[in-house]
Amino acid sequence: MTDWRIYRGAGMPHDGVQRLPGPPPWRDFAAVGPDAADPADTDPSAARRLGVQRRLVENHHPRPAEADAVNAALYLRRPLLVTGNPGTGKSTLAQAVAYELGLGRVLRWPIVSRSALQDGLYRYDAIGRLQDVQLERAQGGPGAAAPAPSAPSSIGSYVRLGPLGTALLPSEQPRVLLVDELDKSDLDLPNDLLNALEEGEFAIPELERIADREPVVDVLTDDGRKVPVRGGRVRCTTFPFIVLTSNGERDFPAALLRRCIQLELEPPGEEQLTAMVEAHLGSDAAIEGRDLIERFLGRAPGEVIAADQLLNALYLTQHAPRAERVTRERIAEMLMRPLDRPR
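Definitions and cut-offs
Every residue gets a number counted from 1 within its own chain, in the order that chain's sequence is written. Only residues with pLDDT of at least 70 get local features here, since the model is predicted, and only at 80 or more are side-chain atom pairs given and counted; chain-wide, interface and lining totals rely on the full set of residues. To obtain the side-chain values, all non-hydrogen atoms of the structure were used and water was disregarded. Salt bridges are defined as contacts in which a side-chain nitrogen from Lys or Arg sits within 4 Å of a carboxyl oxygen from Asp or Glu. Only DSSP runs of H or I with at least four residues qualify as helices, and only runs of E with at least two residues qualify as strands; both kinds are numbered from the N terminus onward. A 1.4 Å probe rolled over the protein chains alone gives each residue an accessible area, and that area as a share of the maximum for its type sets the label: buried under 20%, exposed over 50%, partly exposed in between. What we call a nonpolar core is a set of buried Ala, Val, Leu, Ile, Met, Phe, Trp, Tyr and Cys residues that are connected through their side-chain atoms within 4.5 Å. Contacts were defined at the residue level, with two residues in contact if any of their heavy atoms lie within 4.5 Å. Here, a strand pair is defined by DSSP locating no fewer than two bridges between the strands. Angular values range over 0 to 180 degrees, each being the angle between N-to-C directions of two axes fitted as lines to C-alpha atoms, with helices fitted over their stretch in contact. Note on aromatic pairs: the rings of Phe, Tyr and Trp (six-membered ring only in Trp) are paired at centre separations within 6.5 Å, and the planes decide the class, stacked below 30 degrees, edge-to-face beyond 60, tilted for the rest. Angles below 35 degrees are treated as roughly parallel, those above 145 as roughly antiparallel, those between 65 and 115 as roughly perpendicular, and all remaining angles as oblique. Two helices crossing with the near one rotated counterclockwise from the far one by less than a right angle form a left-handed crossing, whereas a clockwise rotation gives a right-handed crossing. Under the rule applied, a polar contact is a pair of N or O atoms within 3.5 Å (in protein, one hydrogen donor and one hydrogen acceptor; residues adjacent in sequence only if both atoms are side-chain atoms). Regarding the arc, it is the one traced by the directions from the helix axis to the C-beta atoms.

Looking at this structure, I do not really get the pattern of salt bridges. What am I missing?
Tallied over the full model, the rule gives 14 salt bridges. Ionic pairing is found between E198 and R78, a salt bridge with its closest N-O pair at 3.0 Å. Here R78 lies in the loop between α2 (64–76) and β1 (80–83) and E198 lies in helix α8 (residues 194–199), a separation of 120 residues in the sequence. Using a relative accessible area of 32% as the deciding quantity, one classes E198 as partly exposed. A salt bridge links R233 to E208, with the shortest nitrogen-to-oxygen separation between them at 3.3 Å. Separated by 25 residues along the polypeptide, R233 in strand β9 (residues 233–235) and E208 in helix α9 (residues 205–208) bring together distant segments of the chain. Overall, the relative accessible area of 31% leaves R233 in the partly exposed class. The exposure class assigned to E208 is partly exposed, which follows from its relative accessible area of 34%. Residues joined in a network through salt bridges with shared partners are E201, E208, R233 and R235.

Explanation requested: the nonpolar core in the structure shown.
Taken as a class, soluble globular proteins show a tendency for nonpolar side chains to be buried jointly. One finds L161 and L164 to be the most contacted residues of the largest nonpolar core, which totals 38 residues. Here this core takes 3 residues from α8, the largest share from any one element. Excluding anything up to four places from it in sequence, L161 contacts L121, Y122, T166, L169, F202, I204, V219, L220, T221, D222, V227 and V234.

Just checking my understanding: could you explain unusual backbone geometry for this structure?
Leaving glycine out, the prevailing phi sign among residues is negative, and the prevailing peptide bond configuration is trans. Even without being glycine, R77 reaches a positive phi, approximately 55°. Note on placement: R77 falls in the loop between α2 and β1. Non-glycine residue E181 carries a positive phi angle of around 60°. Relative to the assigned elements, E181 resides in the loop between β5 (176–180) and α7 (189–192).

Would you mind showing me how to read the sheet that holds strand β11 (residues 261–264) here?
Strand pairing in a sheet takes place through backbone hydrogen bonds and is either antiparallel or parallel in direction. Across the sheet, 5 strands lie side by side as β2-β5-β10-β1-β11; this open sheet has parallel pairing. Each edge of the sheet is formed by a strand with only one pairing partner; in this case those strands are β2 (107–110) and β11. Each strand axis lies, on average, 20° off the axis of its neighbour in the sheet, ignoring direction. Bridge count between β5 and strand β10 (residues 241–246): 4 bridges; the pairing is parallel. If you follow L178 over to β10, its bridge partner there is V243. Here α2 sits on the sheet and contacts β1, β10 and β11; the angle it forms with β11, its principal contact strand, is near 165°.

Would you take a moment to explain the packing of aromatic side chains for this structure?
The description of an aromatic ring pair rests on the distance of the ring centres and on the angle between the ring planes. The final tally for this structure, using the stated rule, is 1 aromatic pair. Considering the side-chain rings of Y122 and F202, the 6.5 Å spacing of their centres and the 10° angle between planes classify their relative orientation as stacked. One end of the pair, Y122, is in strand β3 (residues 122–124); the other, F202, is in strand β6 (residues 201–203), and 80 residues separate them in sequence. Judged on exposure class, the residue Y122 and its partner F202 are both buried.

Mind showing me how you'd approach the pairing of β10 here?
Looking along a regular strand, one sees the side chains alternate between the two faces of the sheet. β10 sits mainly inside the fold: 6 of its 6 residues count as buried. Of the two faces of β10, the one holding F241, V243 and T245 and the one holding I242, L244 and S246 are both buried throughout. As paired strands, β1 and β10 are joined by 4 bridges and run parallel to one another. Residue pairing across strands places L81 opposite L244, the latter belonging to β10.

Any chance you could explain the packing of helix α11 (residues 270–281) against helix α14 (residues 307–318) here in plain terms?
Relative to each other, α11 and α14 sit at 50°, their axes nearing to 11 Å. If you check the angle between α11 and α14, you find them oblique. Our pair here, α11 against α14, has a crossing hand that is right-handed. On α14, the residues touching L273, M276, V277, H280 and L281 of α11 are A307, L310, L311, L314, Y315 and Q318.

Looking at this structure, how should I read the pairing of β2?
Burial along β2 is one-sided: L107 and W109 are buried, and none of R108 and P110, which face the opposite way, are. Sheet topology places β2 next to β5; 4 bridges connect them, and they run parallel. Opposite W109, over in β5, you have V179 as the bridge partner.

Honestly, the side chain of S246 in this entry has me stumped. Any pointers?
Of note, S246 is situated in strand β10. A polar contact is formed between the side chain of S246 and the side chain of D183, at a distance of 3.5 Å. A distance of 3.0 Å separates the side chain of S246 from the backbone nitrogen of G248, its partner in a polar contact. In this structure S246 touches V82, T83, G84, K90, D183 and F252, once residues within four positions along its chain are discounted.

Help me out: how do you make sense of helix α13 (residues 290–297) in this one?
The α-helix winds at 3.6 residues per turn, so residues separated by three or four positions along the chain end up facing the same way. All of the buried residues in α13 are L292, I293 and F296. All buried residues of α13 fall inside an arc of 100° around its axis, so they share one side.

None of the figures reported here should be taken as evidence of function without further support.
Structure (structure tokens):
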């Protein structure tokens, strides 16, 4: 078959989708890493982000400054604030640290313009609890006894810790938390984070109010586990390894910067790019796609092209090996368009 296209624009139904190959490794959402002994302790996205062949090649290849910043954050128990252009590996850094140090799945808090500190710490579903209590009363009748603490209407069933709240739970080893694209937040969130990052604890008022009656309440974590909260407060025993990422679209207050180890990520160089391609697509792809790697490296100063754009181009041109050269060039040009170029 010389035609690599699945959709042909012919307007007639056909079964071409049956020829659709497997997804690129970094878009394979069904994949779980080869080390998945216990799904609760592994991160299903690790294979996508670090490369399915990460055992064969250390795809991250951090520069000395990057390794120094990570170690400084680990030693000092401080968050790591990573700034860089899109596609420079800011999020991957958190995955690489968790994988190398065996710290389990990465807790992820993707920031949007509406994100608030409460989203990261915990959520209390008061409406859901009220509805369940009313349903229990309706089913039990006017003389029904009050539900036991273990019943569904127990307050712990309606409290779920967020990513930051889960990271601050007591543990022997630090959890890894990725706070992604903090610069997308509103103006208040960076300042709102200060106390939690400095003290490593927070209160859940809904549980504090009943601490005399229920000193220990089991709540849900961000990754779906049940854990006890004592006295209505969550207090870490080991400060988590927190990676705050930013695309550099805004400045942060000095109070936050003072509490962080700062790292500016440069675009990947030839060694890092080659290792990244080999980790995701194998060594043959790095050889066959040498022209695209050189095009990526030879981009004009200041042009922003993400590394995953290169991976997309390499993957797709691999699946059009018999297509005309002009077609392969057109695909590469479409996928590797600079992100900062006006349309």
